[in-house]
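Report on the structure
If you want the building blocks of each chain, they are given just below.
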Amino acid sequence: MQFSRIVVVILMIGFFCECERFSHGQADDGYELWMKYGTIQDTAVLDSYSAEIRAAAVTGQSPTCSIIRDELHRGLAGLLGKVVEVSDSVTGQTDVIVACCSCKALGGLVDKTRLETLGEEGYLIQRIEKAGRRMIVVTANEEMGLLYGTFGLLRFLQTGKNLNNLNLISRPRIHYRLLNHWDNLDGTVERGYAGKSLWKWKELPEKKDSRYTDYARANASIGINGTVLNNVNANPVILKPEYIEKVSVLADIFRPYGIRVFLSINFSSPVSADFEINGNRRAGIGDLPTSDPMDPRVRAWWKNKTREIYDRIPDFGGFLVKANSEGMPGPQDYDRSHAEGANMLAEALAPYGGLVMWRAFVYNAEVDADRAKRAYCEFVPLDGQFEPNVFVQSKNGPVDFQPREPIQPLFGAMPQTPLMLELQITQEYLGHSKHLVYLAPMWKEYLEFDTYAGGKGSSLARIVDGTVLPYTMTGIAGVSNIGNDRNWTGHFFAQANWFAFGRLAWDHTLTSEAIADDWIRMSLTWQENTVAEIRNMMLHSREACVNYMTPLGLHHIMQADFHYGPQPGYSDAPRRDWTSVYYHRADSVGIGFDRSSAGSGAVKQYFSPWRELFDSPETCPEKYLLWFHHVPWDFTMRSGHTLWEEICSHYFAGTDTVDSMVDTWTALEGQVNPAVFRHVAGRLSIQQKDAAIWRDSCLNYFQGFSNKAIYHEYSP
Ligand code: GCW
């Protein structure tokens, strides 16, 4: 045998050994996300599942039922490594039944009273015994519940849970669970770090990329039920007839997966003239001289446009609007309020059951000198003025998706207006798709934060889900991190953030640990020690990011516009509240933004006891200290350190954690799919280098004000 042939044979043997060891077979390019369905490697588990799952039936003939049949077939075949017949009718052999509660085949098998509270989307999965035979039954009131239940059952099997414990009842706590895509019509994605947009507008409506279906399937698997296709910095062109046609094709593909389509609209769409937004020329698509929401011609224009949309897309969800924000047009251009603008659109949508999501991301500098106060100042007075089909959609924090912010005080402060929570899945300020930052712990920190809006027990989650305030509709949105990269999200671990967003939107009581655990088992491995190592790495990653970027309440000191690296000295932006120096205010005395009652007064926007606790540096939680206070460099922290020492320690703690993430991952070589291993190792080394750059440039810069030596407990 020639030398080269020997090499080939050795390489092939190596490859097959690897395939043997990794349940997911070949090099994992990430495309299959958490739905890899690799054959279960644990023989005890495999045997127990195989013994009980031999023939399945999904009754019903709708497109959704066909999707459920295909998914079950694909999932069971993969996981069990054998063909499991999935038919459309129940026979004497069937041991897995997926059927609506009204289906005769279920006669007497399930206790229907348990289904009463489950609504349209909830499901029940039970293991029952009948005539000495064991069966698994997935049931729901409506077929969408069956789809979610099927994914629930597959997840149960993918994570290797014991069938003896199979008794799941689940319903979403929040009704509208949406992705917001900031995708532009030219294929670019604002704040997107995973390639181009998935939507190939030039090819639509004729060509239907197979990825559209895979996208819908992935979202359905985690309970997402709506998608806003285009950027909130919206181009009016999205409402032209040819685009509505394109959108309708996507809506048709997504519909059987339970996903409704929404669009971002530009408030100036009805005008005929060109206008400029942040340097981009935009053209209205109408023939009107104005977009004043009180002008009858404008109101008629929106009604006609809305009808045109519903003619093509009968279950169209509604409009997302960014108005009078960062240069976008809006009702204030005509001295009209946000409520007047939103209500005009609400009126057009109401006959069809559509809704308006009106964003509260506004920060007009004329309203208040402190950017963090402006949304509250503008929106609280409007409470009670919005039509019932309007959500006010707000980001979790008062500034802008920073690694850590206190909560946006608007939540709970508009009792008559349903507030929709906007989270950011794409890591605009948290290392793009280069840094491994698992976001569930951050989202949980907000969701569990007790606002005291209705007294103790008024967590953000309980406000958003309508428990604390009697909302007539509830919603949550995540700014998507998806693009056309083969692995969807750029960083393999960013898939976990998409996954976690969907799981928390469905059930915000799930823990970050449990979600990480599921994701790791579904995506990487079941090996206990390895799961524990990876979970540990994920769970600490967000605090690490806060530490090496913006500890102790620092914020918005990122590189201008790009928002990736550090630029604490940035001072010459077109607006003061875009500079870094506006936010950190470092000087020879100390550092931080004084938002106390003696400063900007932002603390007063919070409910008691927070307003009092935040108001004093002695009682303010240290993680928010420099958000609310300008603190002297030698202020004594709870640790006994001075503020300067504490800042230094946090920056070093951040980079230390990243160093240990690198060590953890390096030691996992051979334990996870080799392609994933190499991909993640590469990104971690970038993160390690960049975290050190963050630490050193921030400390060097702030040292220019503190005039103290950089403190590190291990350094000489
Ligand atoms: O975070 C800022 C981003 C903008 C974004 C804006 C918004 C879509 O830097 O890119 O625009 O927020 O949320 O509207």
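Residues numbered from 1 in each chain as written. Predicted model: local features only at pLDDT ≥ 70, side-chain atom pairs only at ≥ 80, totals over all residues. Heavy atoms only, no water.

Right, let's talk about the site of the ligand for a bit. Around the ligand sit 15 residues, and of these Glu190, Lys322, Arg359, Asp400 and Glu428 come closest. The separation between an oxygen atom of the ligand and a polar side-chain atom of Glu190 is 2.4 Å. Contact distances for the ligand include 2.7 Å between an oxygen atom and a side-chain N or O atom of Lys322. The fraction of the free accessible surface of the ligand (340 Å²) that becomes covered by protein chains is 97%. Its residues assigned to classes, the shell around the ligand shows 4 nonpolar, 3 polar and 8 charged. (Near = heavy atom within 4 Å. Polar contact = N/O pair within 3.5 Å; in protein donor to acceptor, adjacent residues only side chain to side chain. Areas by Shrake-Rupley, 256 points an atom, 1.4 Å probe, with all protein chains shown as cover. Nonpolar A, V, L, I, M, F, W, Y, C, P; charged D, E, K, R; others polar.)

Domain annotation of the chain identifies domain 1 (41–170), domain 2 (176–523) and domain 3 (547–593 + 630–706). Between the C-alpha centres of domain 1 and domain 2 there is a distance of 34 Å. With 16 residues of domain 1 in contact, the opposing surface of domain 2 contributes 17 residues. For the pairing of domain 1 and domain 2, the buried interface totals around 1,500 Å² over both sides, and the portion due to carbon and sulfur atoms is 55%. In this structure, the connection of domain 1 to domain 2 is made through 3 salt bridges. A salt bridge links Lys161 to Asp518; the nearest nitrogen and oxygen atoms lie 3.4 Å apart. Seen at the junction of domain 1 and domain 2, the total is 7 residue pairs in polar contact (both at pLDDT 80 or more). For the side of domain 1 that touches domain 2, the secondary-structure elements that each account for two or more residues are helix H3 (63–80) and helix H4 (143–158). In terms of residues, the side of domain 1 that touches domain 2 owes the most to one element, H4, which gives 6 residues. (Domains from an automatic or database assignment. Contact = heavy atoms within 4.5 Å. Buried area = accessible area lost by both parts, 1.4 Å probe. Salt bridge = Lys/Arg side-chain N within 4 Å of Asp/Glu carboxyl O. Helix = DSSP H or I, 4+ residues; strand = E, 2+ residues; numbered from the N terminus.)

The subject of this paragraph is the pairing of strand E7 (residues 176–180). Here E7 lies mainly inside the structure; 5 of its 5 residues are buried. Neither face of E7 is left uncovered, since the one carrying Tyr176, Leu178 and Asn180 and the one carrying Arg177 and Leu179 both have all their residues buried. Two elements, E7 and strand E16 (residues 475–479), share 5 bridges in a ladder whose sense is parallel. Note on E16: the bridge partner recorded for Arg177 is Ile476. For E7 and strand E8 (residues 226–228), the ladder comprises 3 bridges, and the chain directions are parallel. Within E8, the residue paired with Asn180 across the bridge is Val228. Taken together, E7, helix H5 (residues 210–221) and E8 form a β-α-β motif whose crossover is right-handed. (Buried < 20%, exposed > 50% of the residue type's maximum accessible area, 1.4 Å probe, protein only. Pairing = 2+ DSSP bridges. Right-handed = clockwise from strand over helix to strand, strands pointing away.)

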